[in-house]
Amino acid sequence: MTTSDTKLVLPTRIDDVHVQNFINGQWVPPSTGAYLKNVSPLTGKDISPLPDSDSVDIDIAVSAAKDAFPKWSTTPADKRAAILLKISELIKENIPLLSEFESLDQGKPLRLAMMHEMPPCVYLFAQFADIITKGIAETSQTTPFIHTPASIMDPKPCKIEFTTQHVPAGVAAIITPWNVPLEMICIKLAPCLAAGNTCVIKPTELTSINAYMLTHILKAAGVPDGVVNVVFGTGPRAGEPLVKHKDVRLVSFTGGTKTGFRIGGLAGGMGKRVALELGGKNPNLVFDDCDIDHAVATGIRSAFHNQGEICLCASRHYVQQGIYAKYVEMFREMAQTQLKVGDPKAPDTYFSAVVSQNHMDKITRYIRLAQEEGATVEFLVKRDDPKIKHISSDGRLTIEGFEGGFFVAPTLITNISQKSRVMQEEIFGPVVCVLPFEDEDEGVALANDTEYGLGASVWSLDKEKLDRVMGRINAGTVWGNAWFALSFSMPFGGMKNSGNMREFGTWGMEFFTETKTLSKHVYAEKPVSS
């Protein structure tokens, strides 16, 4: 295992980006020689192709991680922390470039990438450097016991000291989604490295550019060869062999629930530790005693942030009957006048392209389903916006200058059944349904009426009610008069079909370590003769 003093030189033009696998500190082509087409959602045009890797590449990468583990796992914490801080520093220095590639590759507005996605990437590596510098808190206790110093039949009282010890778990598989590509890698990679593990990362094939850029940052930061390996490709050809590899001890996955369940079954059946952060169909429960201006403005953000492609987006809004009509009217008016859709580089653009043609087709299928069921479907864009050249009947938009891009209008649906698939299934796009409810019990029942349990918001100025209802909602994160207020020092994860573990801070470290219990007999001190 060697380290490198490589100077960081990143390509600044997408035409100069040539994605390759990163294995044992080297950039290498896939063993198949085959590459996947990669399309920018903003234009529908090809950008840098991606390796179409298979089990051969995975085997080589896991072998490199396994060989690097003994030395990295015993590297002193202060040295690991120094490397993490260097990674943080290099990401910070390159935020404008990384943001531009993230926008081009994923479709989000440039402002969103710069302000919301890149700062956490900087913070996470610094945070875990601090955690391991201070040391993981261990549990200790001393307990009376018995021992048999001379005779099995005549045990004597003694003391036993117990303490826990967190140790690296081994080679980790990290599989990440396409909606916030770089941030999701950093959420998993920072604690993985801090804990002393090595890993193989399989990024989504839909948004892989910044994963490749990160390999250059890791190299320049001095991450030893083999500690982090990145293999590009599809789930079936690269992801599944990674999950099933005999030398992978733990698997961390964020993505769709169906895929997560398959990964959980494959890995769990082999005795591997598995962390799943999965889908959501998050409710926004609005009582008639709320601050309605605050609730509406935040409700719009919660529905359409990152084009609705956030697992925590609130796609089900339940509004108490007394303010339902007013809420819908205010929501419609504010969204139409304040949500600018289009050019991702324009500083006032809030909303841009969805990630792919296939995903656009999925979203619009749900919109057409709502229309077929007789629901009221509205597209919340300015009809007189000169940049919007066409609005199709299912919400597809044609944007001037981005005619080949994958744009869907922010969509409001009312008068729909709670049992509709549109209400029950994760769409993961800019579609929000708003339904009324009568009282607290009905509102809570509707909010909990889903197979998911990732996030929820409750809106009320009655503190007692707010606390009571927040406690009744079945979700891993519940906000009161807020949305998306997250702390990287607090646990994050879901209930029900939204996941099985917690990430962030020390909770994230727990997954990437094995906890040993050390039990030690304490001998009584013998008196010292004078």
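Computed from a predicted model, the values in this text were never measured in an experiment.

Peer 1: Would you take a moment to explain the overall build of the chain for this structure?
Peer 2: Secondary structure assignment for the chain yields 15 helices and 24 strands. Oriented by its inertia axes, the alpha-carbon framework of the chain measures out at about 95 × 60 × 40 Å. Across the 530 residues in the chain, those meeting the buried criterion constitute 58%. Sequence separation of 24 or more characterises 74% of the internal contacts of the chain that already satisfy a separation of 6 or more. Of the accessible surface of the chain, which amounts to about 22000 Å², a share of 54% is contributed by carbon and sulfur atoms. Charge separation in the chain, taken as the distance between the mean sites of 52 positive and 60 negative side-chain charges, equals 5 Å.

Peer 1: I tried to follow the pattern of salt bridges on my own but got confused; where do I start?
Peer 2: In a structure, side chains of opposite charge can pair up when their charged atoms sit close to one another. Enumeration over the complete set of coordinates arrives at 32 salt bridges. Between D16 and R13 there is a salt bridge, and its shortest N-O distance comes to 3.1 Å. Among the residues examined, D16 registers a relative accessible area of 38% and is labelled partly exposed. Close ionic contact of E464 with R468 constitutes a salt bridge, the shortest N to O distance being 3.9 Å. Separated by four residues within a single helix, E464 and R468 lie in helix 14 (residues 463-472), roughly one turn from each other. Given the relative accessible area of 60%, E464 is considered exposed. Bridged by salt links that share partners, the residues E440, D441, E464, R468 and R472 form one connected network.

Peer 1: What exactly am I supposed to notice about the sheet that holds strand 16 (residues 396-399) here?
Peer 2: Read from one edge of the open sheet, three strands run 15-16-17, paired in antiparallel fashion. The sheet is open, and its two edges are formed by strand 15 (388-391) and strand 17 (402-408), each paired on a single side. Each neighbouring strand pair of the sheet contributes to a mean axis angle of 25 degrees, computed without reference to strand direction. Pairing analysis gives three bridges linking strand 16 to strand 17, with the strands arranged antiparallel. Paired with L397 across the bridge in strand 17 is F407. With respect to the sheet, helix 11 (residues 357-372) is in contact with strand 16 and strand 17, its orientation differing from that of strand 17 by roughly 50 degrees.

Peer 1: How should I be thinking about the environment of I187 in this particular structure?
Peer 2: If you trace the backbone, I187 turns up in helix 5 (residues 181-194). You can call I187 buried: its relative accessible area is 7%. Distance in space between the C-alpha atoms of I187 and E451 is 25 Å, their sequence separation being 264 residues. Beyond its immediate chain neighbours, meaning those up to four positions away, I187 contacts L124, F488, E503 and F504.

Peer 1: Even after reading the chapter, I still don't get unusual backbone geometry, so can you show me in this structure?
Peer 2: One non-glycine residue, N415, lies in the positive phi region at around 55 degrees. Assignment of secondary structure puts N415 in the loop between strand 18 (411-414) and helix 12 (421-424).

Peer 1: What is the right way to look at the pairing of strand 4 (residues 46-51) in this model?
Peer 2: Looking down a regular strand, the side chains alternate between one sheet face and the other. Sheet analysis places strand 3 (residues 35-39) next to strand 4, joined by four bridges and oriented antiparallel. Residue pairing for strand 4: V39 is matched across the bridge by D46. Remark: six residues form the turn of the hairpin made by strand 3 and strand 4, two consecutive strands paired antiparallel; G44 in that turn has positive phi of roughly 75 degrees.

Peer 1: Would you take a moment to explain the UniProt feature "active site" (unreviewed entry) in the chain for this structure?
Peer 2: Per the UniProt annotation, the sites labelled "active site" (unreviewed entry) are E277. Examined against the element boundaries, E277 turns out to sit in strand 11 (residues 273-277). Beyond its immediate chain neighbours, meaning those up to four positions away, E277 contacts M184, F253, T254, G255, C311, L454, F492, S498 and E503.

Peer 1: Just to check I follow, could you spell out the confidence of the model for the chain for this structure?
Peer 2: Caution is warranted with low-pLDDT regions, since their predicted coordinates should not be read in detail. On average, residues of the chain carry a pLDDT of 95, and 97% of them reach 70 or more. Per-residue pLDDT, averaged within each element of the chain, yields its smallest value for strand 5 (residues 140-147) (81) and its largest for strand 9 (residues 228-230) (99).

Peer 1: I keep staring at the nonpolar core and nothing clicks. Help me out?
Peer 2: The nonpolar side chains of a soluble globular protein tend to be buried with one another. L84, I87, I91, L189 and V228 are the most contacted members of the largest nonpolar core, which totals 77 residues. With ten residues, the single largest contributor to this core is helix 5. Setting aside its immediate chain neighbours within four residues, L189 contacts F125, I174, C199, I201, L214, L218 and V228. If you look at the next biggest cluster of nonpolar residues, it comprises 69 residues, including F304, A335, V444 and V478.

Each value, and the rule that gives it
Residues numbered from 1 in each chain as written. Predicted model: local features only at pLDDT ≥ 70, side-chain atom pairs only at ≥ 80, totals over all residues. Heavy atoms only, no water. Helix = DSSP H or I, 4+ residues; strand = E, 2+ residues; numbered from the N terminus. Buried < 20%, exposed > 50% of the residue type's maximum accessible area, 1.4 Å probe, protein only. Contact = heavy atoms within 4.5 Å. Areas by Shrake-Rupley, 256 points an atom, 1.4 Å probe, with all protein chains shown as cover. Lys, Arg positive; Asp, Glu negative; His and termini not counted. Charge placed at Lys NZ, Arg CZ, Asp CG, Glu CD. Salt bridge = Lys/Arg side-chain N within 4 Å of Asp/Glu carboxyl O. Pairing = 2+ DSSP bridges. Axes fitted to C-alpha atoms, helices over the stretch in contact; angles between N-to-C directions. UniProt positions renumbered as here; feature names shortened; annotations may be inferred. pLDDT = per-residue confidence, 0-100. Core = buried A, V, L, I, M, F, W, Y, C linked by side-chain atoms within 4.5 Å.

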